[in-house]
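Chain by chain, the residues run as shown.
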Amino acid sequence: MRAEIVRVRGDLTGGEIDAEALESIGIDLSAVREKVEGVFGPGALDRAPQRDRRGVLVSGWRVPFGPRAKKVLELSLREALAMKSRSIRDGHILLGVIREGEGLGARILADAGIDLSELREEVKSGL
């Protein structure tokens, strides 16, 4: 899954991003950089994540979820509640991704030839 995300979106660990490809779908990297630096300070995208002495991430924790990620989390909660679970587990999040159906995760699963209905039933039976 990670390899497919990297293929679709570029190396998320600091590799080069194809600015021309992003511009072709209406994303201006300079505008994104300007917005991020306006919120998190100059050079925010150039700094490595910082951790405290216990190893807890102390930078980047305020990055908000996008609308689609929020919807997936909401759907994950609904899945967990419907199954009378006391916590949201990774399977519930996958069910949220499947149920939301339009995000990168669902697209990669579908592109890989995975039947989302079958996967949903399989995950539900395993929780």
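Keep in mind that what you see is a predicted model, and the values were worked out from it rather than measured.

Asker: Residue-level account of the overall build of the protein chain, with values.
Answerer: Looking only at helices and strands, the protein chain features seven helices and zero strands. Listing each helix as α and each strand as β along the protein chain from the N terminus yields α-α-α-α-α-α-α. Classification of the 127 residues of the protein chain by burial places 17% in the buried group. Of the contacts formed within the protein chain by residues at least 6 apart in sequence, a portion of 36% connects residues at least 24 apart. Carbon and sulfur atoms make up 53% of the accessible area of the protein chain, which totals about 9700 Å².

Asker: Tell me about unusual backbone geometry, residues and numbers included.
Answerer: Even without a glycine there, the phi angle at Lys 84 is positive, about 60°. Take Lys 84: it is sitting in the loop between α4 (67-82) and α5 (90-100). Judged by relative accessible area, Lys 84 falls into the exposed class, the value being 73%.

Asker: Describe the environment of Leu 119, naming the residues involved and giving the relevant values.
Answerer: Tracing the sequence through the fold places Leu 119 in helix α7 (residues 116-126). Sequence spacing of Leu 119 and Leu 109 is ten residues, and the spatial spacing of their C-alpha atoms is 9.5 Å. If we skip the residues at most four places from it in the chain, Leu 119 touches Leu 94, Ile 98, Leu 109 and Ile 114.

Asker: Any details on the side chain of His 92? Residues and values, ideally.
Answerer: Structurally, His 92 can be placed in helix α5. Judged by relative accessible area, which is 0%, His 92 ranks as buried. In this structure, His 92 is in contact with Ser 76, Glu 79, Ala 80, Met 83, Ser 85, Ser 87 and Leu 127, ignoring residues within four places of it in sequence.

Asker: With reference to specific residues and values, describe the pattern of salt bridges.
Answerer: Scanning all chains against the criterion turns up six salt bridges. Glu 79 is the partner of Arg 99 in a salt bridge, and the nearest nitrogen-oxygen pair spans 3.3 Å. Taken together, the positions of Arg 99 in helix α5 and Glu 79 in helix α4 put the pair 20 residues apart, joining distant regions of the chain. The exposure class assigned to Glu 79 is buried, which follows from its relative accessible area of 4%. Via salt bridges that share partners, Arg 68, Glu 100 and Glu 102 belong to a single interconnected network.

Asker: Outline the nonpolar core, supporting the account with residue identities and numerical values.
Answerer: Counting five residues, the largest nonpolar core is built from Leu 95, Ile 98, Leu 109, Leu 119 and Val 123. Those elements giving two or more residues to this core turn out to be α5 and α7.

Asker: Describe in detail the confidence of the model for the protein chain, supporting the description with residues and values.
Answerer: Reading fine detail from the predicted coordinates is not recommended where pLDDT is low. In the predicted model, the protein chain carries a mean pLDDT of 78, and the fraction of residues at 70 or more is 74%. Considering each helix and strand of the protein chain separately, the mean pLDDT is smallest for helix α1 (residues 2-9), with a value of 66, and largest for α5, with 91.

Asker: Can you explain a nonpolar patch on the surface? Please cite residues and give values.
Answerer: On the surface, a cluster of nonpolar side chains totalling about 540 Å² of accessible area is made up of Phe 65, Leu 73, Leu 77, Leu 81, Ile 88 and Ile 93. Counting residues per element, the nonpolar patch draws most heavily on α4, at three residues. By relative accessible area, Ile 88 is classed as partly exposed at 43%.

Asker: Could you give me a rundown of a negative patch on the surface, with the residues and numbers involved?
Answerer: A cluster of acidic residues, Glu 20, Glu 23, Asp 28 and Glu 34, forms a negative patch at the surface. Here Asp 28 shows up in the loop between α2 (19-24) and α3 (29-40). On the basis of relative accessible area, Asp 28 is assigned to the partly exposed category, the value being 38%.

About the criteria used
- Residues numbered from 1 in each chain as written.
- Predicted model: local features only at pLDDT ≥ 70, side-chain atom pairs only at ≥ 80, totals over all residues.
- Heavy atoms only, no water.
- Helix = DSSP H or I, 4+ residues; strand = E, 2+ residues; numbered from the N terminus.
- Buried < 20%, exposed > 50% of the residue type's maximum accessible area, 1.4 Å probe, protein only.
- Contact = heavy atoms within 4.5 Å.
- Areas by Shrake-Rupley, 256 points an atom, 1.4 Å probe, with all protein chains shown as cover.
- Salt bridge = Lys/Arg side-chain N within 4 Å of Asp/Glu carboxyl O.
- Core = buried A, V, L, I, M, F, W, Y, C linked by side-chain atoms within 4.5 Å.
- pLDDT = per-residue confidence, 0-100.
- Patch = residues over 30% accessible without salt bridge, like charges linked within 9 Å, V, L, I, M, F, W, Y side chains within 5 Å.
- Lys, Arg positive; Asp, Glu negative; His and termini not counted.
- Charge placed at Lys NZ, Arg CZ, Asp CG, Glu CD.

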